[in-house]
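# Results of the structural survey
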Amino acid sequence: MRGLEMTLRTLYIECLVADDEELRTPDLSYAQLLRIESWMDAHLCDLISIEDMARVGGVSARSVQMAFRRWRGCTPTQSLLRKRLEVARRRLSEPAPQETVTQIATDCSFFHFGRFAERYRQ
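Notes on the structure follow. Within each chain, residue numbers correspond to sequence positions counted from 1 in written order. Only residues with pLDDT of at least 70 get local features here, since the model is predicted, and only at 80 or more are side-chain atom pairs given and counted; chain-wide, interface and lining totals rely on the full set of residues. The side-chain figures draw on all heavy atoms in the structure; neither hydrogens nor water molecules are used.

Helix and strand assignments come from DSSP, with helices taken as H or I runs of at least 4 residues and strands as E runs of at least 2, each series counted from the N terminus. Secondary structure assignment for the chain yields seven helices and zero strands. The buried share among the 122 residues of the chain stands at 30%. Note on contacts: a residue pair qualifies if any of its non-hydrogen atoms lie within 4.5 Å across the two residues. In the chain, the proportion of contacts linking residues at least 24 apart, taken out of those at least 6 apart, comes to 59%. We call a residue buried when its accessible area falls under 20% of the maximum for its residue type, exposed when it is over 50%, and partly exposed in between, using a 1.4 Å probe and counting protein chains only.

Within this scheme, the nonpolar core is defined by two criteria: the residues are buried Ala, Val, Leu, Ile, Met, Phe, Trp, Tyr or Cys, and they are joined through side-chain atoms within 4.5 Å. Counting residues in each nonpolar core, the largest one holds 14 residues, and the members touching the most others are Leu-28, Ile-36, Met-40, Met-53, Val-64, Phe-68 and Leu-80. Breaking this core down by element, the ones donating at least two residues are α2 (30-42), α3 (50-57) and α4 (61-72). For Leu-28, the residues in contact, after removing those within four places along its chain, are Leu-33, Ile-36, Val-59, Ser-63, Val-64, Ala-67 and Trp-71.

Buried within α3 we find Ile-50, Asp-52, Met-53, Ala-54 and Gly-57. Looking at the buried residues of α3, the elements they touch are α2, α4 and α5 (76-93). Of the residues trailing α3, Gly-58 is marked for its positive phi of about 70°.

Further remarks concern the packing of aromatic side chains. Put simply, two rings from Phe, Tyr or Trp (the six-membered ring, in Trp's case) pair if the centres are within 6.5 Å, and we call them stacked under 30 degrees between planes, edge-to-face over 60, tilted for the rest. Tallied over the full model, the rule gives three aromatic pairs. Taking 4.9 Å as the distance between ring centres and 45° as the angle between the ring planes, the aromatic pair formed by Phe-110 and Phe-116 counts as tilted. Centroid distance Phe-116 to Tyr-120: 5.8 Å. Interplanar angle 35°. Geometry classified as tilted. Of this pair, Phe-116 and Tyr-120 both sit in helix α7 (residues 113-121), separated by four residues, roughly a single helical turn.

Turning to the pattern of salt bridges, a few remarks are in order. Take a side-chain nitrogen of Lys or Arg and a carboxyl oxygen of Asp or Glu: if they are within 4 Å of each other, that pair is a salt bridge. Using the criterion set out here, one finds five salt bridges in the structure. In this structure, Arg-72 and Glu-37 form a salt bridge, with 2.7 Å as the shortest nitrogen-oxygen distance. On the criterion of sequence distance, the pair formed by Arg-72 in helix α4 and Glu-37 in helix α2 is long-range, its members being 35 residues apart. Measuring nitrogen to oxygen at the nearest pair gives 2.4 Å for the salt bridge that ties Arg-55 to Asp-52. Here Arg-55 pairs with Asp-52, and both are found in helix α3, just three residues apart, close to one helical turn. A single network of salt bridges, built from pairs that share partners, joins Arg-91, Glu-99 and Asp-107.

Relative to the assigned elements, Ser-79 resides in helix α5. Judged by its relative accessible area of 8%, Ser-79 falls in the buried class. In this view, Ser-79 contacts Glu-37, Met-40, Phe-68 and Cys-74; residues no more than four positions away in its chain are not counted.

Below, the discussion takes up the packing of α2 against α3. Look at α2 against α3: their axes get within 9 Å of each other, and the N-to-C directions meet at 125°. Taken together, the axes of α2 and α3 lie oblique to each other. Where α2 crosses over α3, the handedness of that crossing is right-handed. Mapping the contact onto sequence places Gln-32, Arg-35, Ile-36, Trp-39 and Met-40 in α2 and Asp-52, Met-53, Val-56 and Gly-57 in α3. Axis angles are defined between N-to-C directions and span 0 to 180 degrees, where every axis is a line fitted to C-alpha atoms and, for a helix, only to the segment in contact. The scheme is simple: roughly parallel for angles under 35 degrees, roughly antiparallel for over 145, roughly perpendicular for 65 to 115, oblique for anything else. Note on convention: near helix rotated counterclockwise from far helix by under a right angle means a left-handed crossing. Clockwise means right-handed.

Before going further, it helps to examine unusual backbone geometry. Even without a glycine there, the phi angle at Gln-98 is positive, about 70°. Tracing the backbone shows Gln-98 in the loop between α5 and α6 (101-107). When its relative accessible area of 76% is taken as the criterion, Gln-98 is described as exposed. Unlike most non-glycine residues, Ser-109 shows phi in positive territory, near 65°. Examined against the element boundaries, Ser-109 turns out to sit in the loop between α6 and α7. You can call Ser-109 buried: its relative accessible area is 10%.

In structure tokens:
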């Protein structure tokens, strides 16, 4: 029984070390991250998934997630939300004639207006 306990502890520690190494060495280079962010900026009004970002970067979705956490301190989805909110804020501060809040929100891919208002306030 003691041998089994030691084996399980060893496996547990190896898993912790493997997870830690994975977080420190993502497959995505900083240049690829910048390419993805540039693409995101050009497609902010479109529905964008992490899989789309991975395709642009030529890596896995997991690599995209790890790179955003490493270099941006947030998830790809949080980064996209911030970018969309920045665009909405700029447009709301200087709206075009006849432009409504609803139109700005939908143009920035916010289709649930209550959530848009809540996130905008935050």
